[in-house]
Amino acid sequence: MPVPETPETPWLSIIVPTLNEEKALPETLARIARCAPSAEIVLVDGGSTDGTRAVYERFVARSAQPVRWIDSARGRGRQMNAGAAAGRGEVLLFLHADTLLPDDSERHLRRALRDPRIRGGNFRLAFTPRSALSDFYARCYNLRSRWHVFYGDSGLFVRRETFVALGGYRADRLMEDVEFIGRLRRHGGLTFLGQATVVTSARRFHGTRRGLTMLFVWLLLHALMALGVSQETLERLYPPRR
């Protein structure tokens, strides 16, 4: 069954949380305009002090695509909840400000969501610039995505009704995407778009020492999750990210 759509209501809302993203945001917005032209864009800012707002204003001035700016309390979970509440689409796509959509994004999403049993999912992931470490991480990431274990940086999409039924993100949690995806997985009906790849920044891997530290923490995190370690303990181990 197709996703409902009217001329007044976009079928897809793309929620982009921002915090000092003036460098990454122009390319992200340009890719959205090219790859998802019928979607509305909701930028939810957590108090940027750089030129993020100016990037938004320049984009609005030259684009006919619906795009909105919302000020929010800082915190990715809070920002994404605010964007979901403001968005009008029947489908919500949460996109990090340094993540680029794949070509034909709308076609891939519409095809997956023709099946009413599908409640949400994510895209295949690649990092840029590439390195041996980031490529290894991406391969591991995409392998586990086939079992619907992933983070929000691979372009989480979900039907609005499902997002509302699950109560959205738990904004007080550091690992709000992992926690929400865990609840979404238990809800059922997830899909992995393995033929469509989002490209996200490898800035977390900048430098060999930092990259190896991230990899070690990632492996430790998932081993502890498999052993049933509490969310609170995992949060103390997990390095904060915007």
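**So, the overall build of the chain**
Okay, so step 1: For the chain, the count of helices and strands is nine helices and eight strands.
Okay, so step 2: Across the 242 residues of the chain, 54% fall into the buried class.
Okay, so step 3: Residue pairs at least 24 apart in sequence account for 79% of intrachain contacts in the chain once pairs closer than 6 positions are excluded.
Okay, so step 4: Roughly 11,500 Å² of accessible area belongs to the chain as shown, and the carbon and sulfur atoms make up 54% of that amount.

**A look at the pattern of salt bridges**
Oppositely charged side chains may form a pair once their charged atoms are brought near each other.
Okay, so step 1: With the rule as written, the count across this model stands at 10 salt bridges.
Okay, so step 2: For D104, the salt bridge is made with R107, and the minimal N-O distance between the two is 3.4 Å.
Okay, so step 3: A relative accessible area of 43% places D104 in the partly exposed class.
Okay, so step 4: E179 is the partner of R170 in a salt bridge, and the nearest nitrogen-oxygen pair spans 2.8 Å.
Okay, so step 5: When its relative accessible area of 42% is taken as the criterion, R170 is described as partly exposed.
Okay, so step 6: On the basis of relative accessible area, E179 is assigned to the buried category, the value being 9%.
Okay, so step 7: Ionic contacts of the salt-bridge type, sharing partners, join the residues R170, E179 and R183 into one network.

**Some details on the nonpolar core**
Okay, so step 1: Residues I14, V16, F94 and L101 are the most contacted members of the largest nonpolar core, which totals 60 residues.
Okay, so step 2: Excluding its chain neighbours within four sequence positions, the residues that come into contact with V16 are L25, I32, I41, V42, L43, V44, L95, H96 and A97.

**Notes on the side chain of R159**
Okay, so step 1: For R159, the position within the fold is in strand β7 (residues 156–159).
Okay, so step 2: E161 provides the closest opposite charge to the buried, unpaired R159, separated from it by 5.1 Å.
Okay, so step 3: Within the structure, the side chain of R159 is placed 2.8 Å from the backbone oxygen of L113, a separation counted as a polar contact.
Okay, so step 4: Within the structure, the side chain of R159 is placed 3.2 Å from the backbone oxygen of D115, a separation counted as a polar contact.

**Some words on the sheet that holds β7**
Okay, so step 1: Spatially, eight strands are ordered β3-β2-β1-β4-β7-β6-β8-β5 in an open sheet, and the strand pairing comes out mixed. The open sheet has two edge strands with one neighbour each: β3 (67–71) and β5 (99–100).
Okay, so step 2: As paired elements, strand β6 (residues 120–128) and β7 share two bridges and run antiparallel to each other. What sits directly across from G121, in β7, is F157.
Okay, so step 3: On the sheet, helix α5 (residues 132–145) packs against β6 and β8 (190–201) and is oriented at approximately 170 degrees with respect to β6.
Okay, so step 4: Along the sheet, helix α7 (residues 176–187) makes contact with β7 and β8, crossing β7 at roughly 45 degrees.

**Quick word on the environment of M80**
Okay, so step 1: Looking at where M80 falls in the secondary structure, it is placed in helix α3 (residues 76–86).
Okay, so step 2: A relative accessible area of 2% means that M80 is categorised as buried.
Okay, so step 3: Along the chain, M80 and F94 lie 14 residues apart, while their C-alpha atoms are 7.3 Å from each other.
Okay, so step 4: Not counting residues up to four positions away in its chain, the partners in contact with M80 are I15, P17, F94, Y169 and E176.

Basis of the calculations
- Residues numbered from 1 in each chain as written.
- Predicted model: local features only at pLDDT ≥ 70, side-chain atom pairs only at ≥ 80, totals over all residues.
- Heavy atoms only, no water.
- Helix = DSSP H or I, 4+ residues; strand = E, 2+ residues; numbered from the N terminus.
- Buried < 20%, exposed > 50% of the residue type's maximum accessible area, 1.4 Å probe, protein only.
- Contact = heavy atoms within 4.5 Å.
- Areas by Shrake-Rupley, 256 points an atom, 1.4 Å probe, with all protein chains shown as cover.
- Salt bridge = Lys/Arg side-chain N within 4 Å of Asp/Glu carboxyl O.
- Core = buried A, V, L, I, M, F, W, Y, C linked by side-chain atoms within 4.5 Å.
- Lys, Arg positive; Asp, Glu negative; His and termini not counted.
- Polar contact = N/O pair within 3.5 Å; in protein donor to acceptor, adjacent residues only side chain to side chain.
- Pairing = 2+ DSSP bridges.
- Axes fitted to C-alpha atoms, helices over the stretch in contact; angles between N-to-C directions.

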